[in-house]
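Here are the chains, one letter per residue:
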Amino acid sequence: MKRGLYVGRFQPFHNGHMQVIESIVKTREVNELIIGIGSADTSHDLRHPFTAGERVLMITRSLNGLAIPFYVIPLEDVRRNALWVAHVKSMVPPFDIVYSSNPLVIQLFKEAGIPVHSSPLYLRESLAGTVVRKKMLEGDTWKESVPPEVESVIAEVHGIERMRQIAKSD
Ligand code: NAD
């Protein structure tokens, strides 16, 4: 039994994240996957518009029917990077491999002696959280960048209206 951990902020969960998960499943490297939602304690700002709970919904609904069991676990940030891996380990089931292309995440897990695999980046110019959030805010077409389940969670929580409200100046 091997378990993998894929960590991200998922603000929002988009098709690039989905492709990474599908490619992890295809490799058959792991029998189970943990999806760690980073910065779980941050929401309602333009870089982190969605709460941890909203991101749990986006991911759980999008992965319905995934070929392997998965766990979606929110992870609050900690002020000291040197302690973060221990914090993550205390919050999630035991894991053997980490999946990430984030340089800091890679460095911290490698220093802790945990193997890290990096998937290729899919359409990074368009499938990046920053790009998707900018399109949402500006009324550009963003729906094709996310799974349909994410689009419906964003509609359910009035996510676009939230982003436009918090982008205003007083
Ligand atoms: P993200 O949502 O931007 O990306 C998640 C993963 O998906 C990354 O590995 C990224 O490279 C990959 N990805 C994104 N777009 C892709 C695409 N188009 N194709 C393929 N892969 C793609 O999240 P992130 O910034 O990597 O999240 C890291 C989290 O870990 C953050 O929440 C951060 O705060 C947390 N963290 C916390 C600490 C601490 O608390 N001290 C330390 C390190 C990291």
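Residue numbers here run from 1 along each chain, matching the order of that chain's written sequence. Per-residue local features are limited, in this predicted model, to residues with pLDDT of at least 70; the limit for side-chain atom pairs, both in listing and counting, is 80 or more; totals at the level of whole chains, interfaces and linings are taken over all residues. Side-chain descriptors were evaluated using all non-hydrogen atoms of the structure, hydrogens and water having been removed beforehand.

Visitor: Help me understand the pairing of strand 3 (residues 70-74), please; the structure alone is not making it clear to me.
Guide: For two strands to be treated as a pair, DSSP must find at least two bridges joining them. The helix and strand labels rest on DSSP assignments: H or I over at least four residues marks a helix, E over at least two residues marks a strand, and numbering proceeds from the N terminus. For strand 2 (residues 32-37) and strand 3, the ladder comprises 5 bridges, and the chain directions are parallel. Bridge pairing in strand 3 links Leu33 to Phe70. Handedness of the crossover joining strand 2 and strand 3 through helix 2 (residues 52-62) is recorded here as right-handed. Think of it like this: strands point away, you trace from the first strand over the helix to the second, and a clockwise trace means the crossover is right-handed.

Visitor: When you look at the packing of helix 2 against helix 6 (residues 148-156) in this model, what are you seeing that I'm missing?
Guide: When two helices pack together, their arrangement is given by the angle between their axes and by how far apart the axes lie. Note on geometry: axes are C-alpha line fits, over the in-contact stretch for helices, and angles between N-to-C directions span 0 to 180 degrees. Where helix 2 contacts helix 6, the axes come no closer than 8 Å and their chain directions differ by 150 degrees. Taken together, the axes of helix 2 and helix 6 are roughly antiparallel relative to one another. As helix 2 packs across helix 6, the resulting crossing turns out to be right-handed. For the pair helix 2 and helix 6, contact is made by Glu54, Leu57, Met58, Arg61 and Ser62 and by Glu149, Val150, Ser152, Val153, Ile154 and Glu156, respectively. Classes in brief: Ala, Val, Leu, Ile, Met, Phe, Trp, Tyr, Cys and Pro nonpolar; Asp, Glu, Lys and Arg charged; the others, Gly included, polar. Its residues assigned to classes, the contact of helix 2 with helix 6 shows 5 nonpolar, 2 polar and 4 charged. In this scheme, roughly parallel covers angles under 35 degrees and roughly antiparallel covers those over 145, while 65 to 115 is roughly perpendicular and the rest are oblique. Left-handed describes a crossing whose near helix is turned anticlockwise from the far helix by less than a right angle; the clockwise case is right-handed. Only heavy atoms enter the contact rule, under which two residues are in contact if any of them lie within 4.5 Å.

Visitor: Could you clarify how one ought to interpret the pattern of salt bridges in this entry?
Guide: Oppositely charged side chains may form a pair once their charged atoms are brought near each other. By definition, a salt bridge exists where a carboxyl oxygen of Asp or Glu is found within 4 Å of a side-chain nitrogen of Lys or Arg. Going through the model one piece at a time under the given rule, you end up with 5 salt bridges. Two residues, Arg61 and Glu156, come together in a salt bridge whose shortest N-O distance is 3.0 Å. Of the two residues, Arg61 is situated in helix 2 and Glu156 in helix 6; the sequence distance between them amounts to 95 residues. Only protein chains enter the accessibility calculation, which uses a 1.4 Å probe. A residue is then buried if its area is under 20% of the maximum for its type, exposed if over 50%, and partly exposed in between. Given a relative accessible area of 32%, Arg61 falls into the partly exposed group. Owing to a relative accessible area of 45%, Glu156 belongs among the partly exposed residues under this scheme. Here Glu138 ties to Lys134 by a salt bridge, and the two come within 3.5 Å at their closest N and O atoms. One end of the pair is Glu138 and the other is Lys134, both in helix 5 (residues 129-138) and 4 residues apart, which spans about a single turn. On the basis of relative accessible area, Lys134 is assigned to the partly exposed category, the value being 49%.

Visitor: When you look at the sheet that holds strand 2 in this model, what are you seeing that I'm missing?
Guide: Here we have 5 strands laid out as an open sheet, ordered 3-2-1-4-5, and parallel in their pairing. The open sheet terminates on both sides in strands that have one partner only, identified here as strand 3 and strand 5 (116-117). Note that strand 4 (residues 97-99) and strand 5 share 2 bridges and pair parallel. Across the sheet, the residue bridging to Val98 is Val116, located in strand 5. This element, helix 2, spans strand 2 and strand 3 of the sheet and lies at about 165 degrees to strand 3.

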